[in-house]
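Chain residues, written in single-letter form:
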Amino acid sequence: MAHALEAPLMTEAARPPAVLEYNVVKSSPHDRGAFTQGLILRDGFFYESTGLNGRSSVRKVKPETGEVVQHETVPREYFAEGLTDWKGKLIQLTWQSGKAFVYDLKTFKREGEFAYSGEGWGITHDDKRLIMSDGSASLRFLDPKTYQQTGNLEVTYQGKPLANLNELEFVRGRIFANVWQSNSIVVIDPASGRVTAQINLAGLLSADDRAVPVDVLNGIAYDASKDRLFVTGKLWPKVFEIKLEPTDLLDKPHQLKR
């Protein structure tokens, strides 16, 4: 009897993502009025983009207390979205206006803007390019000097497109993304687009935290110098520092080049 060609029970692309375990290190106050769309940590401060028309802003915040120490209001016709930095500048997306604003990191003076097609959701960067989400299953790569699109990455979860990719952060060689209206952060391989792991953050907020209405999980900030990871949500009363359990699915902290 002829033997049939052996076939794998499951392809690598369809393999379920690993679930990364974590511990909560501590929580800190967060402005309940902040509709968080983008969050980064630089030089000991959070920089945060908040959304909603008429309430959008970019702000500098003390992580320990939640105190806003610098604030720039976004014109009310814009619904601000994701935020990242690049070489002394802050880059802030808007949702449906097809426009991003560029600020001086220190003064918050608006120094420029650029246009893009479609919607703007989240933005981060690796050491060479900006990485942007637009609510679909595709991430865009942008040149950080010209802001022109240089490529894209289709993101898949068990072999199928994963849409609603929202706030982004580049962490230990991988793209972390909030998935809108879920309690999960997915970990994306920037070479293949495959979701290799996820972090389930359901249960971070207590019943008391939810006594005043909150919105969805959204906001990831990473401190590469100390390997610290922070998460929050829209209208959340707290920012949580979490520590991931050791894993081979991420680059080691000392290998980072940010």
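Above: the structure in question.
In this text, all values refer to a predicted model and were calculated from it rather than measured experimentally.

Rules used in this analysis
- Residues numbered from 1 in each chain as written.
- Predicted model: local features only at pLDDT ≥ 70, side-chain atom pairs only at ≥ 80, totals over all residues.
- Heavy atoms only, no water.
- Pairing = 2+ DSSP bridges.
- Helix = DSSP H or I, 4+ residues; strand = E, 2+ residues; numbered from the N terminus.
- Polar contact = N/O pair within 3.5 Å; in protein donor to acceptor, adjacent residues only side chain to side chain.
- Contact = heavy atoms within 4.5 Å.
- Phe/Tyr/Trp six-rings, centres within 6.5 Å; stacked < 30°, edge-to-face > 60°.
- Buried < 20%, exposed > 50% of the residue type's maximum accessible area, 1.4 Å probe, protein only.
- Lys NZ or Arg CZ within 6 Å of the ring centre and 35° of its normal.
- Salt bridge = Lys/Arg side-chain N within 4 Å of Asp/Glu carboxyl O.

**Some thoughts on the sheet that holds strand S1 (residues 18-19)**
At step 1: Taken together, the 5 strands give an open sheet; going across it, the order is S1-S20-S19-S18-S17, and neighbouring strands pair in mixed fashion. Looking at strand neighbours, the two that pair on one side only are S1 and strand S17 (165-171), the edges of this open sheet.

**Notes on the side chain of Thr50**
At step 1: Among the secondary structure elements, Thr50 is positioned in strand S4 (residues 45-50).
At step 2: A distance of 2.8 Å separates polar atoms of two side chains, one belonging to Thr50 and the other to Ser57.
At step 3: Beyond its immediate stretch of four places on either side in the chain, Thr50 contacts Ala34, Phe35, Gln37, Arg55, Ser56, Ser57, Arg59 and Ala80.

**Describing the packing of aromatic side chains**
Where two aromatic rings form a pair, the distance of their centres and the angle of their planes describe that pair.
At step 1: Scanning all chains against the criterion turns up 9 aromatic pairs.
At step 2: Consider the rings of Phe46 and Phe230, whose centres lie 5.3 Å apart with planes at 85°: the pair is edge-to-face. Here Phe46 is found in strand S4, whereas its partner Phe230 is found in strand S22 (residues 228-233), with 184 residues between them in sequence.
At step 3: With relative accessibility at 6%, the residue Phe230 sits in the buried group.
At step 4: Clustering of aromatic rings is evident, with ring pairs tying together Phe35, Phe79 and Trp95.
At step 5: Over the face of the ring belonging to Phe45 we find Lys60, whose NZ or CZ atom lies 4.3 Å from the ring centre.

**As for the environment of Gly122**
At step 1: Inspection of the secondary structure assignment puts Gly122 in the loop between strand S10 (110-115) and strand S11 (123-125).
At step 2: Through-space distance from the C-alpha of Gly122 to that of Ser133 is 5.0 Å; in sequence the pair is 11 residues apart.
At step 3: Ignoring any residue separated from it by four or fewer positions in sequence, one finds Gly122 in contact with Gly82, Leu93, Ile131, Met132, Ser133, Asn166, Glu167 and Leu168.

**Considerations on the pattern of salt bridges**
At step 1: Scanning all chains against the criterion turns up 13 salt bridges.
At step 2: In this structure, Asp209 engages Lys238 in a salt bridge whose closest nitrogen and oxygen atoms are separated by 3.3 Å. Taken together, the residues Asp209 in the loop between strand S20 (195-200) and strand S21 (217-223) and Lys238 in strand S23 (residues 238-244) connect sequence positions 29 residues apart.
At step 3: Judged by relative accessible area, Asp209 falls into the buried class, the value being 8%.
At step 4: Using a relative accessible area of 25% as the deciding quantity, one classes Lys238 as partly exposed.
At step 5: A single salt-bridge network, built from bridges that share partners, covers Arg172, Asp227 and Lys243.

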